[in-house]
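# Working through the structure, step by step
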Amino acid sequence: MSTEFILKQIDGAVAVLRLNRPDVLNALNIPLMDQLIGMLEAIDTDPGVRCVVLTGNDRAFAAGADIKEMAEASVVDMYERNNLARWERIKKVRKPIIAAVNGFCLGGGCELAMHCDMIIAGEGAQFGQPEINIGVIPGAGGTQRLTREAGKFRAMELILTGRFFGAKEAASIGMVTRVVPDALVVEESMKIAKDIASKSPMAVRFAKEAVLKAFDGTLADGLDYERKMFYMLFGTEDQKEGMKAFIEKRKANYTGK
Ligand code: CAA
């Protein structure tokens, strides 16, 4: 069943989930993430589904965590709510998830795509970790996962400048599996998903598990560390200024406080 923010369609053994907050470029607020995670967990125990395609719309996969939802939060609020910890549950989904990305794929949106097992991107897709521009850092795995894909030096540039990068550059660093014409993103993702769905489900499950093992180890420590640092930034005036400036559509004035 679809929910308010996630549209679900079943095509054979493939579930297509569509993020659905078009007015705010699919900004990832808490209800959307709860609905998405709940749906992924239900799919994981549904024997009729063997692969998931996660997508957005033409304009955005997702433009990040919902800035308006957290702009006024304190360190204590962020630390106590610990909203980003629930993202760990996406990592535990055993069925393959293919991110089909068009448009903006920024901040938490880029991190959500990197939680998936493959990223198929349209030629016009725009990736980025622009959190630095609003006085914070990536908080849902960006500093760890992008660095593992791009290497230290490229990740530093992308995370410290927050610049957007296109689908071809994302493919060149190994983050995007395949770049296709924008109009074919979901179709191409479905082709791959149907191919995977035709294999032995147990072999697919074990293959996914084994590939992910290659990334374990210090990743958990890294994610924990990153999340704490993200919450700590809500004690700075610059975070308040950065997010307020975004909402008021003006340039931020950072003071280092
Ligand atoms: N949170 C909340 N609202 C958002 C949003 C976000 N991340 N991104 C876009 N929106 C809203 C805008 O506020 C705007 O709403 P209104 O019409 O009510 O003003 C609407 O979506 C359309 O956006 P724009 O008018 O800004 O569209 P644009 O085409 O001019 O710009 C954009 C597009 C460059 C993507 C710009 O919207 C933008 O920079 N968005 C924020 C990107 C960002 O900083 N993401 C990181 C968020 S923090 C994070 O994700 C933390 C983490 O690691 C977990």
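What counts, and at which threshold
Along every chain, residues carry numbers that run from 1 in the direction the sequence is written. With the structure being a predicted model, the display of local features is reserved for residues of pLDDT at least 70 and the display and counting of side-chain atom pairs for 80 or more, all residues being used for whole-chain, interface and lining totals. Calculated side-chain values reflect all of the structure's heavy atoms, with hydrogen atoms and water omitted. A pairing counts as a salt bridge when a side-chain nitrogen of Lys or Arg comes within 4 Å of a carboxyl oxygen of Asp or Glu. Helix numbering and strand numbering both begin at the N terminus, where a helix is a DSSP run of H or I of at least 4 residues and a strand a DSSP run of E of at least 2. When a residue's accessible area, from a 1.4 Å probe over protein chains only, is under 20% of the maximum for its type it is buried; when over 50% it is exposed; and in between it is partly exposed. Between N-to-C directions, angles span 0 to 180 degrees; the directions come from axes that are lines fitted to C-alpha atoms, helices contributing only their stretch in contact. In this scheme, roughly parallel covers angles under 35 degrees and roughly antiparallel covers those over 145, while 65 to 115 is roughly perpendicular and the rest are oblique. Each helix crossing is assigned a hand: it is left-handed if the near helix lies turned anticlockwise from the far helix by less than a right angle, otherwise right-handed if that turn is clockwise. Throughout, a contact is declared for two residues whenever any of their heavy atoms are within 4.5 Å. In this count, Pro and Cys sit with the nonpolar residues alongside Ala, Val, Leu, Ile, Met, Phe, Trp and Tyr, while Asp, Glu, Lys and Arg are called charged and the others, Gly among them, polar. Residues are classed as near a molecule or strand on a simple rule: at least one heavy atom within 4 Å of it. Nitrogen and oxygen atoms within 3.5 Å of one another constitute a polar contact, given that in protein one can donate a hydrogen and the other can accept it, and given that sequence-neighbouring residues count only through two side-chain atoms. Each domain span listed reflects an automatic or database assignment of domains. In short, buried area is how much 1.4 Å probe accessible area vanishes from two parts on joining, totalled over both.

A few words on the pattern of salt bridges. According to the stated counting rule, one finds 16 salt bridges in the structure shown. Taking the shortest distance from any N to any O, the salt bridge between R21 and D66 comes out at 2.8 Å. Of this pair, R21 sits in the loop between β2 (14–19) and α1 (30–44) while D66 sits in the loop between β4 (60–62) and α2 (67–70), placing them 45 residues apart in sequence. Relative accessible area serves as the criterion here: at 11%, D66 is assigned to the buried category. Several salt bridges share partner residues, and in doing so they unite R154, E157, R163 and E169 into one network.

The next subject is the packing of helix α6 (residues 142–150) against helix α7 (residues 152–161). Between α6 and α7, whose axes approach to 7 Å, the crossing angle comes to 135°. One way to sum up the angle between α6 and α7 is to call them oblique. The two elements α6 and α7 meet at a crossing, and its hand is right-handed. Every residue of α7 that contacts α6 at G142, T143, L146, T147 and A150 is listed here: K152, R154, A155, L158 and I159. Its residues assigned to classes, the contact of α6 with α7 shows five nonpolar, three polar and two charged.

Moving on, we get to the site of the ligand. Neighbouring the ligand are 27 residues; R59, G108, E111, E131 and G139 lie closest to it. A65 places a polar main-chain atom, nitrogen or oxygen, 2.9 Å from an oxygen atom of the ligand. E131 is positioned such that a nitrogen or oxygen atom in its side chain is 2.8 Å from an oxygen atom of the ligand. Within the residue set of the shell around the ligand, elements represented by two or more residues are α2, β6 (104–106) and α5 (108–115). For the shell around the ligand, the leading source of residues is α2, giving three residues.

This paragraph deals with the domain arrangement of the chain. Accessible area lost on assembly of the parts is the figure often given for the size of an interface. Domain annotation of the chain identifies domain 1 (6–197) and domain 2 (201–247). One C-alpha centre belongs to domain 1, the other to domain 2, and the line joining them spans 12 Å. Tallying the contact residues gives 39 residues for domain 1 and 28 residues for domain 2. Carbon and sulfur atoms supply 65% of the area that domain 1 and domain 2 bury against each other, a total of about 3,100 Å² over both sides. The three residues of domain 1 that bury the most area against domain 2 are V75, R94 and R148, which together make up 18% of that side's buried surface. Where domain 1 meets domain 2, there are two salt bridges. Among the ionic pairs, K208 bridges to D117, the shortest N-O distance being 2.7 Å.

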